[in-house]
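# A look at the structure
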Amino acid sequence: MGAVLNKELARFGEHAIDASMTLIAPDESAEPTVVAAPSEQDWDVVVIGGGIRKPEPLVTFFEQVVNLVRRHAPRAAIAFNTSGGDSVEAAKRWL
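Cut-offs and rules
Residues numbered from 1 in each chain as written. Predicted model: local features only at pLDDT ≥ 70, side-chain atom pairs only at ≥ 80, totals over all residues. Heavy atoms only, no water. Helix = DSSP H or I, 4+ residues; strand = E, 2+ residues; numbered from the N terminus. Rg over C-alpha atoms; globule rule 2.2 N^0.38 Å. Buried < 20%, exposed > 50% of the residue type's maximum accessible area, 1.4 Å probe, protein only. Contact = heavy atoms within 4.5 Å. Areas by Shrake-Rupley, 256 points an atom, 1.4 Å probe, with all protein chains shown as cover. Lys, Arg positive; Asp, Glu negative; His and termini not counted. Charge placed at Lys NZ, Arg CZ, Asp CG, Glu CD. Salt bridge = Lys/Arg side-chain N within 4 Å of Asp/Glu carboxyl O. Pairing = 2+ DSSP bridges. Polar contact = N/O pair within 3.5 Å; in protein donor to acceptor, adjacent residues only side chain to side chain.

## Structural notes on the overall build of the chain
The helix and strand tally for the chain stands at five helices and two strands. The linear arrangement of helices and strands in the chain, starting from the amino end, is α-α-β-α-α-β-α. A compact globule built from 95 residues should have a C-alpha radius of gyration of about 12 Å, and the chain, at 13 Å, falls within 12% of that. A principal-axis box enclosing the C-alpha atoms of the chain has dimensions of 35 × 25 × 20 Å. Going through the 95 residues of the chain one by one, you find that 31% of them count as buried. Within the chain, contacts between residues separated by at least 24 positions form 60% of all contacts whose residues are at least 6 apart in sequence. By element, 55% of the accessible surface of the chain is carried by carbon and sulfur atoms, the whole surface being about 5800 Å². If the 9 positive side-chain charges of the chain are averaged to one point and the 13 negative ones to another, these points end up 6 Å apart.

Below is the structure:
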């Protein structure tokens, strides 16, 4: 995981928010990765990053991720960050 993401994960802890990050590749590993991530615990919110959401060529991948999260973490709110450095703020909008 990159330095920015590690720093952001540490910020969740500073805000007393239990968090985990899962990196998702736009390939055949995406679905099992997204399906497995919510099984770790019952999450209150799932933040989907701009790296998946922003690039127009990834729009169908973004749709797949959103629908998998909705299906496999149905009680979790879905939030979107604008960069790897504002995931805490995105999550806090729904906590």
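## Overview of the side chain of S87
Locating S87 in the fold gives a position in helix α5 (residues 87-92). Assessed through its relative accessible area of 6%, S87 is described here as buried. Those residues in contact with S87, other than ones at most four positions away along the chain, are E8, F12, V47 and N81.

## Some remarks on the pattern of salt bridges
Enumeration according to the criterion identifies three salt bridges in this entry. A salt bridge links E8 to R11; the nearest nitrogen and oxygen atoms lie 2.8 Å apart. Here R11 and E8 lie together in helix α1 (residues 3-14), a separation of three residues that amounts to about one turn. R11 matches E8 in its accessibility class, with the two residues each being buried.

## Brief notes about the pairing of strand β2 (residues 77-80)
The two faces of β2 differ: A77 and A79 on one face are buried, but I78 and F80 on the other face are not. Here four bridges tie strand β1 (residues 45-48) to β2, and the two strands are oriented parallel to one another. Bridge assignment links V46 to a residue of β2, and that residue is I78.

## What about the side chain of R11?
Judged by its relative accessible area of 18%, R11 falls in the buried class. At 2.8 Å, the side chain of R11 and the side chain of E8 are in polar contact. The residues touching R11, leaving out its near neighbours within four places in the chain, are G85, D86, V88 and E89.

## Some details on the environment of A91
The topology assignment puts A91 in helix α5. A relative accessible area of 1% places A91 in the buried class. A sequence separation of 53 residues divides A91 from P38, and the C-alpha atoms of the two residues are 15 Å apart. Residues in contact with A91, not counting those within four places in the same chain, are F12, V45, V47 and A79.

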